[in-house]
Structure formats: structure tokens, C-alpha cells
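Letter by letter, the chains look like this.
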Amino acid sequence: MDTGAAGGAGGCGAAVNGTRGGGPKPATAAARSRSGGGGGGGGAPRGGATKGAGSAWRHLLLRLAVLVLVFAVWQLAAEAHGSVYFPPPGRIAHHMYELWFSGPVRRVFLTDAAVADVLPSLGRMAAGFGMAAVAGIALGVAVGRSRRAYALCNPVLQFARAVPPPALVPVFVVVLDLGTQMQIASIAFSAVWPVLINTAEGVRNTDPLRLDVAAVLRLHPVERLWLLLLPSALPRIFAGLRLSLSLSLILMVFSELLPGSANGIGFTLTDAQSRSDLPTVWAALLLLGILGYLLNTALLAAERRLVGRGRSTA
Amino acid sequence: MTLRLDSLGQRYGEQVVLHGIDLTVPDGQLLCVVGPSGCGKSTLLRTVAGLQPAYEGSVSIDGTPVTGVPDQLAVVFQDYGRSLFPWLTVRDNVALPLRRRGLPRAERREQAERILERVGLEGAGRRHPWQLSGGMQQRVAIARALVCHPSLLLMDEPFGSLDAQTREDLEDLLLEVHRSDGATIVFVTHDIDESVYVADRVVVLSPGPASHPVLDLPVTLPAERDQITTRGLPEFVALRAEVGRAVRGSEPKAPAHPDPRP
Ligand SMILES: Nc1ncnc2c1ncn2[C@@H]1O[C@H](COP(=O)(O)OP(=O)(O)OP(=O)(O)O)[C@@H](O)[C@H]1O
Ligand SMILES: [Mg+2]
């Protein structure tokens, strides 16, 4: 399995260093021979690609196996113990299904409870994260493009990032009162910093030679942004977006835990806890884990599509 | 475009790179600049391109001082691989200079494909630069410079990574483009043979620091040139010897033949 990962990394490295030719080839060859196994192959890059795909599948299977194993151990341990506080995962999953996903077909299986609690949560998170992403990228480009702006803003940004986001929620409660506005604002305000800082950093690190090329080509400022600055910064932008996404999820739940919230997954959690409805608490936790995982996977897929091809930014 | 350098000097911090360079390149001349590694050839081109302000003296084009990047300029950078945009296809990279012409996209792509064919890269247009070999990337950079028919063309060791055959083909392509477009060209090279073969005039720079021209030689070969016959002419041999002596004489410890590939 390790060999598979090394092979993948080698291929990637080849793309990264491929600007001067020569260097990367031995690396790929070495990676290929290390991945060993059957078939001498024609030696063409194709051979390496199929082997890479094969080990990627094996890698996926292995990860699934670990996941299944963890759940099996959990299930057995919980059943053996028989505590009401720690229901086995099978029961939790079933409870989750009954609570939220056993609705009619025409509502894509969502129950009333799901429409009342899960969807508003997701909506607020999408709004907050979307605002953070747009504002973060726009401001990040503005800050990163000018050396002076970067030097001036950097301390402020580092400070803003250093404040633990949940600590800001009380401020928003006072300013905006409880409710959707406050929740979206806390999500957006917490999630904006990682995107902003990473975008600024990425734009600032644009290869100076490419900036010279843009000057010689007399690219229009908008073209320069679209054809050079954003593509160069894209890997960093996505790194920021991933951080922001997990912050958004945290803030989504946290802003719904406050007394006085009316709905949401976080509300379900506190509500069930006050009624000592432990299966629901566990179901909400499982749902949050699944949501976080799916959202992150979607973001990674988007990143792979957008960044994959231009990986040679060096 | 007539290019004029007036007692041009350039430095990085305390290090004086170029000093007292007076040079006039008349409209349509192909000037070759030869000099040892590190003497400041790339710096000279960057200054002419308006990417770096002159430390002392001035650069002017058709009588107007260069303050920013001049119009109708194309540059082939020495670090050609890094100068391409990896997130664009080869064709879109080559079509970039046509944007300022306001041509429709289809037209831009067609012109890009045509020039790619001329540098021997037909069929590579849809690939990405990092999928090409070093020599192929270098030809992409050359195609990007030629596609917009610039009137001032600066080339920094543009044929450095090519095999002998491709290199000769591209030297002939350059001569052909030069004849048809009549651009003013400044061509930096390490290769003495190449400089004499393509140039109307060869300037040899002294080793740094404070590099300056030590030889300014008009190339009196016939305008029609041919890889076999021209290189066999006694006059070619004599010119090459003269440039070679200037390069050697200007090198402090005179190593073997200058390596054309850094
Ligand atoms: N950005 C820079 N900062 C500081 N010094 C520099 C910089 N760029 C070049 N130099 C110095 O200026 C001198 C000339 O560099 P330049 O790249 O112009 O040489 P060159 O003649 O093009 O060399 P080569 O033939 O190897 O390409 C070198 O001594 C180099 O160390
Ligand atoms: Mg150079």
C-alpha cells in the first residue's frame, strides 16, 4: 500500500518539476519500478497510470476496511457492555434513519423533522460559508496583490485569526440578537479568515517571472487576475476553503446550541439532551460527522478538478 | 523600431552589472549579444523590455525613452518553462499575446495552431506545457513570441535546449520571420557559430562586473543564408574566429569552448 502512495506522489512530483525536463523522468521511473508487481509493460507512461489506478483502488478498499473494522469493534463493545448511554452504532444509524430519512419519496425521503432541523442548519451554513468564501477570496486578492497592503494588513489578519471563533458568538448575539442573521454572521465572520489569509498568501507568491510575462503581454488587470493571479493562488485558496469549511460546521452547531435557538441540528442536540433522549443525541452526532465528511469530500473533488491540471505551478 | 542605449548602467544593490553601454540598433536589425555567463545579458534584455528601470543612462525606442513595457514587444525568457502558464493549454498559451488585438477566440486559436506548426509542434496544442519536454516547451515560448508579429523581439538563449537539427530549423525560421516581418531583434546566445549565422551584427560583452561591449562586429555575409554553404564560407570562418577571440580574450581564465547549454 505504501508503494502505491509513493508512486502517486512520484507522479505528482514529476508534474511539479517538469518545467526543465530531464529531472522528473528518473523519479517517475523509480516510482514505477518500486510499485513493482506484475507486467513489464511497454514502459510508456500509460503503464504507470494503470498501476497507479490499481493501487488507488487497493488504497480505497483498505480505508473502507479500517472504517468497517472500527464500527464492528464499536458495535461489539457497545452490545457487550449494554449501557443505555452508549448505544451500538447500528441502533444509532437506525434511529437516525427513522428520525430524518424515512420520509416520502417525493420529498427525497426527508421527514418533517429533517425539513424542520437539518435543512435550516445546512442553509445557514451554506450562506455563511458562501459569504466567507466570496469575501475571503475578493479581499485576499486585494491584500495579496500589493506588497504594502499585505504588510499593513498582515498583523490585523493574524490577530483576527488567532481569536477562537466561538468566543465571538456572544458579540454577535448582542449586536444582532438571536436568530438566523446572527447565526449566519457568526459562521461567515469566523470562516472568512482562513480563506482571506491563504488567498493573500497565494496571490503574493505568484511567480515574479510570470508577472513579467503578463506585463510584456500587456494583459488587462482583469485578464491578469483571471489568467494568472487566481490560477497561481488556487491551491492555497482551496487550502483556506477546507479550513473554513470545518470552521463553518463548528460555528453552525455552536450557534444553534445557545438557549433561545428555535431549530437546527445543534438545537436538536440540546433539546434531546434536556429530555435525556440519548439515541437522538448520538444520531445528531453521527449525522454531523457524516455531513462534515461529505462536504469535505465534495470540496476535495472540486479542488482536484480545478487544480489538478495546473499542478506544475512549483 | 530603432533601439538606442545611452551610457546604460545597471546594478543590483552594490554589485555593478552593466556599465557605460552605448549601442544603437537600427530598425530591422538582428543583433546578437554574446558574452560569458553571468555578465548581464539577461539583465540587459530586462532593461530594454522596461521590466527593470535603468540605474544610469537610458534606453529609448524611436527616440522615446522607455519607462514601462513598450508596445509591440515580445520576449522569449531564458527560463522558458517557468514563463509558460501551466494551467492553460499550449494553444491558449501561444494565443495569449493576441488578446490585446481584440481578435475573436476562434481566430486566436487558429493563428496559434499555425505558428505551432511552424515551430514543429503541430498536434501539441491541446496538451499542457508540463506534458511536454524541455525542448518542446522552449518552442512553445518561441511560438508565443512570434505569433503577434512584434516589431521588437528580445530572445534570451531561445534555442538552448534544442537538438542540433531542430535548432538549425528554428534558426532558419527566425531568419525567415525576420525577412518577412522586418522586426528589430536582440538575440542573446552562448553559441558563437549561431550568433554569426543568424546575425546582422554581433556584440560581445566583457565578463562582469561592469560589463560593456568589447567587440561590435557587422556580419558581412549575404542575406540569404544556408546551413551548409554559409557555414562553409571563408568569411563565415573568419567572423567566427574573430568573435571567438573576443569572447576568449574577454574571459579571465579562458576555459575550453563556451558551453552552449548552461
Ligand atoms: N535579481 C537579482 N538580484 C541580484 N543579483 C542579480 C539578480 N539577477 C541577476 N543578478 C546578478 O547579475 C549578474 C548578471 O546576471 P544575468 O542573469 O543578467 O547574467 P547572464 O549574462 O544572463 O548570464 P547567463 O548567460 O548565465 O544567463 C549576475 O552576476 C547575477 O548574479
Ligand atoms: Mg541570462
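Structure: see above.
So, here's what we can say about the structure.

About the cut-offs
- Residues numbered from 1 in each chain as written.
- Chains lettered and ligands numbered in written order.
- Predicted model: local features only at pLDDT ≥ 70, side-chain atom pairs only at ≥ 80, totals over all residues.
- Heavy atoms only, no water.
- Near = heavy atom within 4 Å.
- Polar contact = N/O pair within 3.5 Å; in protein donor to acceptor, adjacent residues only side chain to side chain.
- Helix = DSSP H or I, 4+ residues; strand = E, 2+ residues; numbered from the N terminus.
- Nonpolar A, V, L, I, M, F, W, Y, C, P; charged D, E, K, R; others polar.
- Buried < 20%, exposed > 50% of the residue type's maximum accessible area, 1.4 Å probe, protein only.
- Pairing = 2+ DSSP bridges.
- Contact = heavy atoms within 4.5 Å.
- Buried area = accessible area lost by both parts, 1.4 Å probe.
- Salt bridge = Lys/Arg side-chain N within 4 Å of Asp/Glu carboxyl O.
- Phe/Tyr/Trp six-rings, centres within 6.5 Å; stacked < 30°, edge-to-face > 60°.
- Lys NZ or Arg CZ within 6 Å of the ring centre and 35° of its normal.

**Quick look at the site of ligand 1**
Residues and elements named next belong to chain B.
- The full set close to ligand 1 counts 13 residues, and Ser37, Lys41, Ser42, Thr43 and Gln78 are the nearest of them.
- One of the backbone N or O atoms of Gly38 is found 2.8 Å from an oxygen atom in ligand 1.
- Side-chain polar atom of Lys41 to an oxygen atom of ligand 1: 2.8 Å apart, as the coordinates give it.
- Looking at the shell around ligand 1, the element that brings in the most residues is helix 1 (residues 41–48), giving 3 residues.
- Of the residues that constitute the shell around ligand 1, the class distribution is 3 nonpolar, 8 polar and 2 charged.

**Some remarks on the pairing of strand 9 (residues 201–205) of chain B**
Residue and element names in this part refer to chain B.
- With 5 of 5 residues buried, strand 9 lies mostly within the body of the structure.
- Bridge count for strand 9 against strand 10 (residues 213–218) is 5 bridges, and the pairing is antiparallel. Across the sheet, the residue bridging to Val204 is Leu215, located in strand 10.

**What about the environment of Gly134 of chain B?**
- Here Gly134 of chain B is to be found in helix 5 (residues 134–146).
- In this structure the C-alpha to C-alpha distance between Gly134 of chain B and Ser161 of chain B, which are 27 residues apart in sequence, comes to 6.6 Å.

**Section: the interface of chain B and chain A**
- At the junction of the two partners, chain B supplies 29 residues and chain A supplies 24 residues.
- Summing both partners gives a buried area of about 2500 Å² for chain B against chain A, and 61% of it is carried by carbon and sulfur.
- Where chain B meets chain A, there are 4 salt bridges.
- A salt bridge links Arg46 of chain B to Asp212 of chain A; the nearest nitrogen and oxygen atoms lie 2.6 Å apart.
- Our count for the chain B to chain A interface comes out at 8 residue pairs in polar contact (both at pLDDT 80 or more).
- Residue assignment for the side of chain B that touches chain A shows that the elements contributing at least two residues are strand 6 (73–76), helix 2 (80–83) and helix 5 of chain B.
- Here the side of chain B that touches chain A takes 4 residues from helix 2 of chain B, the largest share from any one element.
- Residue composition of the side of chain B that touches chain A, grouped by class: 16 nonpolar, 6 polar and 7 charged.

**A short note on the packing of aromatic side chains**
- Applying the stated criterion across every chain yields a total of 7 aromatic pairs over all chains.
- Pairing Phe189 of chain A with Trp193 of chain A gives two aromatic rings, centres 5.5 Å apart and planes at 90°, and the pair type is edge-to-face. Here the residue Phe189 of chain A and the residue Trp193 of chain A both occupy positions in helix 8 (residues 180–204), the gap between them amounting to 4 residues, near one helical turn.
- For Phe189 of chain A, a relative accessible area of 35% gives the class partly exposed.
- Residue Trp193 of chain A is classed as buried on the basis of its relative accessible area, which comes to 16%.
- It is Arg204 of chain A that lies over the ring of Tyr150 of chain A; its NZ or CZ is 4.1 Å from the centre.
- Directly above the aromatic system of Tyr197 of chain B lies the positively charged group of Arg231 of chain B, at a separation of 4.7 Å from the ring centroid.

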